There are 2 protein chains.
Amino acid sequence: MAFRYTHARPALTVDCVVFGFDDADLKVLLIERGIKPFKGEWALPGGFVQEDETLDAAAKRELEEEAGLRGVFLEQLYTFGAVDRDPRERIVSVAYFALVKLADHATRAATDAADAQWFPVAKPPPLAFDHPAIFQTALARLRGKLRWQPVGFELLPEKFTLSQLQQLYEAVLGTGLDKRNFRKKVLGFDLLTALDETRQAGRSRPAQLFRFNRSRYNRLVESGLHFEL
Amino acid sequence: MAFRYTHARPALTVDCVVFGFDDADLKVLLIERGIKPFKGEWALPGGFVQEDETLDAAAKRELEEEAGLRGVFLEQLYTFGAVDRDPRERIVSVAYFALVKLADHATRAATDAADAQWFPVAKPPPLAFDHPAIFQTALARLRGKLRWQPVGFELLPEKFTLSQLQQLYEAVLGTGLDKRNFRKKVLGFDLLTALDETRQAGRSRPAQLFRFNRSRYNRLVESGLHFEL
């Protein structure tokens with residue numbers, strides 16, 4: 001079947017920059033391309049938007065099909081429309097960025113797909129198409145958001161220690177943070193619920209576990225709070 | 001001539017939310033539609049992306065063609081892709097937002113087009129398509145950006161008084177601001193160059209004119225400044 005139009009139309013795709021955090025490194029999920037162009041090279045998961053689905057739905061579907069990911073934080077990032085960004089024909093791509101709790105068993109299993117792999121954000125492999133630019137745009141957005149919005153909790157397990165939280169911030173921002181200042185700031189917002197549980201990592205002494213209190217955050221935002229870390 | 005594809009493709013458009021400030025009100029530029037659907041109703045300026053132009057170029061072209069605007073601040077906003085957002089067929093639209101110095105004679109003349117008109121943001125007319133949602137998204141983005149980035153200066157004349165600056169902030173944020181606090185904050189950033197000129201508005205006494213020092217702002221940002229008003 002063929003579709004005919006009086007004017008040329010670009011094809012429309014979605015591409016997803018998926019970030020995960022494994023207690024030490026910020027990582028990005030990449031797919032090894034099985035077809036030309038750029039066959040055998042790494043690229044962001046993504047694909048064509050179908051006739052009857054929204055852009056968000058297309059991004060969700062591609063994440064599930066290509067990486068087995070469901071129910072992750074997903075947000076539209078930017079639309080990339082350089083005329084020659086794909087060597088085959090004109091393709092405009094709506095980029096998304098996604099945040100995944102790598103610590104969850106379910107999402108860890110999803111990366112078992114032979115052609116999907118997590119790479120440290122600090123050392124990504126060469127990427128196909130204009131995916132380096134999409135990746136950098138997503139990284140900048142994540143860094144910006146982390147400081148002003150509580151998106152970091154999307155990358156941590158439900159229960160986490162303050163050290164894990166600080167390691168996440170350090171990994172994303174790419175800089176060391178003063179432990180005392182960080183804890184004071186974090187606890188000052190009164191947005192973490194201290195749990196009756198501890199976590200022991202390696203040979204260090206057990207550390208208290210916390211949970212992010214999202215409903216409390218929403219109430220504080222409504223009352224004019226400015227979150228900043 | 002016809003273009004044939006094996007899969008259905010949405011048409012691709014750009015739509016622009018253009019804000020201006022006239023010393024009292026924040027305004028938005030709208031176009032009266034001359035064709036169906038929504039003929040005779042108001043809509044955002046925009047149109048189809050051409051085969052050989054980037055998305056940014058399409059937005060710039062539409063602003064010039066439909067509103068005579070050139071050289072304005074323009075930034076991609078969000079891409080709207082609901083399946084039924086246009087009654088004719090599927091059209092995905094990349095939305096932009098633009099900021100215009102209404103005080104400049106050049107841009108004021110541009111609005112002489114019979115079908116283009118500036119409306120107060122507080123009282124827009126009913127809008128065609130999903131343009132109400134696009135407009136609200138742009139307004140939220142402008143409000144957010146105004147506090148953290150010096151985009152407000154894109155809406156003011158090159159030389160402005162502190163009262164004009166405060167009126168702009170009040171108009172965009174939709175709230176009154178304390179004059180002393182506002183001036184203290186603004187001048188505290190040391191980003192305004194005081195000029196040897198004054199401006200007299202109405203019967204009030206002449207007020208000093210200032211200019212935004214962008215090169216100084218860029219240097220301060222590089223050195224880690226966080227602008228916040």
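Per chain, the residues get numbers from 1 upward, laid out in the order the sequence is written. The lettering of chains begins at A and the numbering of ligands begins at 1, in the order of writing. The model is predicted, so local features are restricted to residues of pLDDT at least 70 and side-chain atom pairs to those at 80 or more, both for listing and for counting; the totals for chains, interfaces and linings are taken over all residues. Heavy atoms from the whole structure form the basis of all side-chain values; hydrogens and water molecules are not counted.

1. Quick notes on the relation of the copies chain B and chain A
Superposition of the copies used a least-squares fit over C-alpha atoms from residues whose pLDDT is at least 70 in both. Take chain B, turn it by 180°, move it 0.0 Å along the axis, and it overlays chain A with an RMSD of 0.0 Å. On this basis, the relationship between the two copies can be described by a two-fold rotation axis. No C-alpha of chain B approaches the rotation axis more nearly than that of B:R4, which lies at 2.2 Å. Both copies share a contact surface, since 100% of the interface residues of chain B are interface residues in chain A too. In this description, contact between two residues means that some pair of their heavy atoms is separated by no more than 4.5 Å.

2. Quick notes on unusual backbone geometry
Cis geometry marks the peptide bond from A:K36 to A:P37; its omega dihedral reads -10°. Mapped onto the secondary structure, A:P37 falls in the loop between β3 (26–32) and β4 (42–43). Unlike most non-glycine residues, B:F38 shows phi in positive territory, near 65°. Labels follow the DSSP assignment, with helices taken as runs of H or I lasting at least four residues and strands as runs of E lasting at least two, numbered in each case from the N terminus. Within the secondary structure, B:F38 sits in the loop between β3 (26–32) and β4 (42–43). Despite not being glycine, B:D190 has its phi angle at roughly 55°, a positive value. Examined against the element boundaries, B:D190 turns out to sit in the loop between α5 (179–188) and β9 (192–199).

3. What about the packing of aromatic side chains?
Any pair of aromatic rings gets described here by the distance separating the centres and the angle formed by the planes. Residues and elements named next belong to chain A. Each pair of aromatic rings taken from Phe, Tyr and Trp, with Trp reduced to its six-membered ring, is defined by centres within 6.5 Å and is described as stacked if the planes are under 30 degrees apart, edge-to-face if over 60, and tilted in the remaining cases. The full count for this structure, using the stated rule, is 20 aromatic pairs over all chains. Ring centres of F212 and Y217 lie 6.0 Å apart, and the angle between their planes is 50°; this geometry places the pair in the tilted category. To sort residues, take the accessible area from a 1.4 Å probe on protein chains only and compare it with the maximum for the residue type: under 20% means buried, over 50% means exposed, and anything in between is partly exposed. F212 gets classed as buried once you look at its relative accessible area, which sits at 11%. Each residue in the set F153, F160, F212 and Y217 is aromatic and connected to the rest through ring pairs, giving one cluster. Taking NZ or CZ as reference, R147 lies 5.2 Å from the ring centre of W148, over its face. Our definition puts a charge over a ring when NZ of Lys or CZ of Arg is within 6 Å of the ring centre and also within 35 degrees of the ring normal.

4. What to know about helix α1 (residues 55–67) of chain B
Side chains that are three or four residues apart share a direction in an α-helix, a result of its 3.6 residues per turn. Residue and element names in this part refer to chain B. Each residue after the first adds 1.5 Å to the expected span of a helix. Over its 13 residues, α1 extends 18 Å from the first C-alpha to the last, a length consistent with the 18 Å expected when each residue adds 1.5 Å. Buried residues of α1: L55, A58, A59, R61, E62, L63 and A67, and no others. Definition of a polar contact: a pair of N or O atoms within 3.5 Å, with one able to donate and the other able to accept a hydrogen when the atoms are protein atoms, and with sequence-neighbouring residues admitted only if both atoms are side-chain atoms. Two or three places before A57, at the opening of α1, T54 has a side-chain oxygen 3.1 Å from that residue's backbone nitrogen.

5. Considerations on the pattern of salt bridges
A carboxyl oxygen of Asp or Glu within 4 Å of a side-chain nitrogen of Lys or Arg is what we treat as a salt bridge. On inspection of all chains with the given rule, the structure shows 32 salt bridges over all chains. Here A:E75 makes a salt bridge to A:K145, at a shortest N to O gap of 3.0 Å. Of this pair, A:E75 sits in strand β6 (residues 73–80) while A:K145 sits in helix α3 (residues 131–148); the two residues are 70 residues apart in sequence, bridging distant segments of the chain. The closest approach of N and O atoms between B:E158 and B:K101, which form a salt bridge, is 3.8 Å.

6. Let's talk about the confidence of the model for chain A
Per-residue confidence from the predictor is reported as pLDDT, a score between 0 and 100. On average, residues of chain A score 92 in pLDDT, and 95% of them are at 70 or above. Predicted as a complex, the structure gets a pTM of 0.93 and an ipTM equal to 0.92.

7. Observations regarding the environment of A:R141
Residues and elements named next belong to chain A. Considering the arrangement of structural elements, one finds R141 in helix α3. Each C-alpha atom, one on R141 and one on F97, is 8.8 Å from the other, the two residues being 44 residues apart in sequence. Those residues in contact with R141 that sit more than four places away from it in its chain are E75, Q76, L77 and F97. Of the polar contacts made by the side chain of R141, one reaches the backbone oxygen of Q76; its length is 3.5 Å. At 2.6 Å, the side chain of R141 forms a polar contact with the backbone oxygen of L77.

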